[in-house]
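# Structural characterization, general
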Amino acid sequence: MIAQLIDGPLWLFSAWFFLVVALWRLLVILFKGRPKSLAKPRNAPGGALATIFRRFLPYPEFRKVSRVRFWAGYAFHVGLLALLFFAAPHVEFLSQRVTGFSWPALPHWAFEVAAELALGGLLFLALFRLMDPVTRFISSTGDHLASWLVFLVMLTGCFALWRSHESLRLLHLFLAELLLIYFPFSSLMHALTFPFSRGFTGAVYHRKGVNI
Amino acid sequence: MSFRPPPCRRVTRSGWICWVLLAGLALLVADLPAAAPSHDKPSAKVDDPGTDLWRFVRRRAPELRSLAEKGAIGPVTTQVKGVDTSVLINDKGQEWRLYRHRMLIPISAIVLGTVAVLLLLLYLAVGRRVPDPRETGKRLLRFVAYERTLHWFMAAIFLFLGVTGLTILYGRPLLIPLVGKESFSAMASASKEGHNLFGPLFLVSLLLFLQRFWRRNLYSRGDLRWLIRLGGLLGGDSPPAGFFNMGEKMLFWLLIAVGLLICASGLVLLFPNFGQGRLLMEGAHLIHTLGAVLLLATIMAHIYMGIATKGAMDGMKGGYVEYSWARHHHREWADEEEKKGRVLSEEEVRRRFGEARKIGVPEREAGT
């Protein structure tokens, strides 16, 4: 009964819920527009695209201080992306239930490396969020919740790697469904909104003559 | 209706031949000694070539090798090339299995259980130790955020590996009666996957830990005196110590040495595709288990010290420790910090945290 619910209706509900609410939030951001700047422009329009890419690296002033967080952050994000879209069970699942077509999956060794990077990076960052007084102060309960929920989803996914037990696969799927429902309301939305926020900031400051 | 006997049939030539053959066969069978098993006589021993074959298969070397050299039998060959691919039955595997079940599991369980019970009894008997009840209202920064994160990163991985490893080791005798075979099967599978995945992360955390702390854990003057007095258990007051006392230094180097040994043996087990034979794998298994039991027992004592000594955990939680605690346990370090003017009042610490909270400036973290 519970297994059927997780594998069927709950999966459909969470997937559609994620799509609709995330899209709605994105549309709200896009259609909201921005207040008209009254300052005299110092630069020609532009700067959004440059900022989107420039922000992939930390500011030079913070490079040394944030070195470990920088690498941990990249390890987590690259690992997660690889796991999400190129882990063999995910390719099979998505091709069967979402896209209707398949694509090459990671070999097992690459999956292991991606999982190590993602889990290690996220664990380190989640603990740093707790240990550093500044990041702790600027983090909300939702931020902590999102971090640990993503961690649990990845961990249970690795438990269920060989699909030897249906209960482990269902546990992973259930947590992934909870994450999909929680995603649009959390700071995890940055996965979809970061180009807009960076682009907006870049465009505004570029207009004022500042390249950030 | 009257009874009519069946008509006599004429026996054909082929029928006669059959009868003669059957009679001859009967005589032959009756004459064979083994044909009729006799229970009152011991049966004759007949060498079964299959027995020899399987004995050779089980032992393989050196009998087969010597026979092959003599030309009595052909060499042991297989189309599958690899370590032990020509071994069908491995007697050593059975010996290892029995050793694991009869020695390794019970003895390691007794060691871990005894340490846990002793520490619990000690805690119940002594309670939380309060080295200096006087709160001076002064604070010293002991560990910066990166160091605290690294410590808890390693601790989380170690505990996860401990739980999953113990599930694999003791699951059959301990968990199956509690959760049943099916649930345990899922738990064991998850534990194995998790253990394999987090093992290399433990190596990473170990190397980061070594890189960060090795210098502060080198032997320095006064460490031997601390050790002789067992950190104050003998002779009353706690002997002076630097940033780390000799007990902590010993724990550090034990963690590094045994941790690396566990990681190396774990990698041998994790990647069996590099040509290591069964004997090496069994040795690695043994080293892995013994090392893990030793580290688990040591870390249990470490956790006990952290919980049972008031103020010991503060440094790993918020980074700052009470000055009286530092003076009691790490007098030389506390004096050095005082000379450098790094002793902060509680208000100062609060103000620094407050500033950080207000404008996003990190706390003062020496050494970052």
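I will try to describe carefully the structure that is included in this document. (Residues numbered from 1 in each chain as written. Chains lettered and ligands numbered in written order. Predicted model: local features only at pLDDT ≥ 70, side-chain atom pairs only at ≥ 80, totals over all residues. Heavy atoms only, no water.)

Within chain A, the regular secondary structure consists of ten helices and zero strands. Buried positions account for 39% of the 212 residues belonging to chain A. Within chain A, contacts between residues separated by at least 24 positions form 71% of all contacts whose residues are at least 6 apart in sequence. Within the structure as shown, chain A displays about 12900 Å² of accessible surface, and the carbon and sulfur contribution to it stands at 73%. (Helix = DSSP H or I, 4+ residues; strand = E, 2+ residues; numbered from the N terminus. Buried < 20%, exposed > 50% of the residue type's maximum accessible area, 1.4 Å probe, protein only. Contact = heavy atoms within 4.5 Å. Areas by Shrake-Rupley, 256 points an atom, 1.4 Å probe, with all protein chains shown as cover.)

Residues and elements named next belong to chain A. Structurally, Phe-17 is set in helix H2 (residues 9–32). Judged by relative accessible area, Phe-17 falls into the partly exposed class, the value being 22%. Expressed as a C-alpha distance, the spacing of Phe-17 and Pro-184, which sit 167 residues apart in the sequence, is 8.9 Å. In this structure, Phe-17 is in contact with Ala-22, Ile-181 and Phe-185, ignoring residues within four places of it in sequence.

Here we take up the side chain of Ser-205 of chain B. Residues and elements named next belong to chain B. Note on placement: Ser-205 falls in helix H6 (residues 181–213). We classify Ser-205 as buried; its relative accessible area is 0%. Not counting residues within four places of it along the chain, the set of residues in contact with Ser-205 comprises Phe-153, Met-154 and Ile-157.

Residue and element names in this part refer to chain B. A rise of 1.5 Å per residue sets the reference length of helix H8 (residues 246–270), with its 25 residues, at 36 Å; its end C-alpha atoms lie 35 Å apart and thus fit the reference within 8%. Looking at H8, one finds that the buried residues are Met-246, Lys-249, Leu-251, Phe-252, Leu-255, Ile-256, Val-258, Gly-259, Ile-262, Cys-263, Ser-265 and Gly-266. Structurally, H8 contributes buried residues whose contacts are with helix H5 (145–179), H6, helix H7 (223–228) and helix H9 (278–308). With a side-chain oxygen lying 3.0 Å from the backbone nitrogen of Gly-247, the N-terminal cap of H8 falls on Asn-245. (Expected span 1.5 Å × (residues − 1). Polar contact = N/O pair within 3.5 Å; in protein donor to acceptor, adjacent residues only side chain to side chain.)

Residue and element names in this part refer to chain B. Ordered by their spatial adjacency, three strands build an open sheet running E2-E1-E3, and the pairing between neighbours is antiparallel. Only two strands of the sheet have a single partner each, and these edge strands are strand E2 (320–322) and strand E3 (344–345). Where strand E1 (residues 138–141) meets E2, three bridges bridge the pair, whose relative direction is antiparallel. Note on E2: the bridge partner recorded for Leu-141 is Tyr-320. (Pairing = 2+ DSSP bridges.)

Residues and elements named next belong to chain B. On the surface, a nonpolar cluster with roughly 920 Å² of combined accessible area is contributed by Val-117, Leu-118, Leu-120, Leu-121, Tyr-123, Leu-124, Leu-159, Ile-303, Ile-307 and Met-313. Of all elements in the fold, only helix H4 (91–126) and H9 reach the threshold of two or more residues within the nonpolar patch. In terms of residue count, H4 provides more of the nonpolar patch than any other element does, six residues in total. Its place among the elements puts Leu-124 in helix H4. (Patch = residues over 30% accessible without salt bridge, like charges linked within 9 Å, V, L, I, M, F, W, Y side chains within 5 Å. Salt bridge = Lys/Arg side-chain N within 4 Å of Asp/Glu carboxyl O.)

What follows is about the interface of chain A and chain B. Each side of the interface is counted separately: chain A has 25 residues, and chain B has 31 residues. Summing both partners gives a buried area of about 2400 Å² for chain A against chain B, and 75% of it is carried by carbon and sulfur. Our count for the chain A to chain B interface comes out at zero salt bridges. Counting every contact that joins chain A to chain B gives four residue pairs in polar contact (both at pLDDT 80 or more). Elements with a minimum of two residues in the side of chain A that touches chain B: helix H6 (108–131), helix H7 (133–138), helix H8 (141–159) and helix H9 (166–182) of chain A. Here the side of chain A that touches chain B takes ten residues from H6 of chain A, the largest share from any one element. The class makeup of the residues in the side of chain A that touches chain B is 18 nonpolar, four polar and three charged. (Buried area = accessible area lost by both parts, 1.4 Å probe. Nonpolar A, V, L, I, M, F, W, Y, C, P; charged D, E, K, R; others polar.)

What follows concerns the packing of aromatic side chains. All names here are of chain B. With the rule as written, the count across this model stands at 28 aromatic pairs over all chains. For the ring pair Phe-143 and Phe-213, a centre distance of 6.3 Å and an interplane angle of 80° mean the geometry is edge-to-face. With a gap of 70 residues between them, Phe-143 in the loop between E1 and H5 and Phe-213 in helix H6 connect regions that are remote in the sequence. There is no split in this pair, since Phe-143 and Phe-213 are both buried. For the pair Phe-160 and Phe-198, a centre-to-centre distance of 4.4 Å together with 45° between the ring planes defines the contact as tilted. You can see Phe-160 sitting in helix H5 and its partner Phe-198 sitting in helix H6, a full 38 residues away along the chain. Here Phe-160 and Phe-198 have matching classes, each one buried. Chaining the aromatic ring pairs together yields one cluster made of Phe-143, Phe-209, Phe-213, Phe-243, Phe-244, Phe-252, Trp-253 and Trp-333. Across the ring face of Trp-333, the terminal group of Arg-142 is positioned such that the distance to the ring centre comes to 5.0 Å. Taking the ring centre of Phe-243 as reference, the NZ or CZ of Arg-216 above it sits at 4.8 Å. (Phe/Tyr/Trp six-rings, centres within 6.5 Å; stacked < 30°, edge-to-face > 60°. Lys NZ or Arg CZ within 6 Å of the ring centre and 35° of its normal.)

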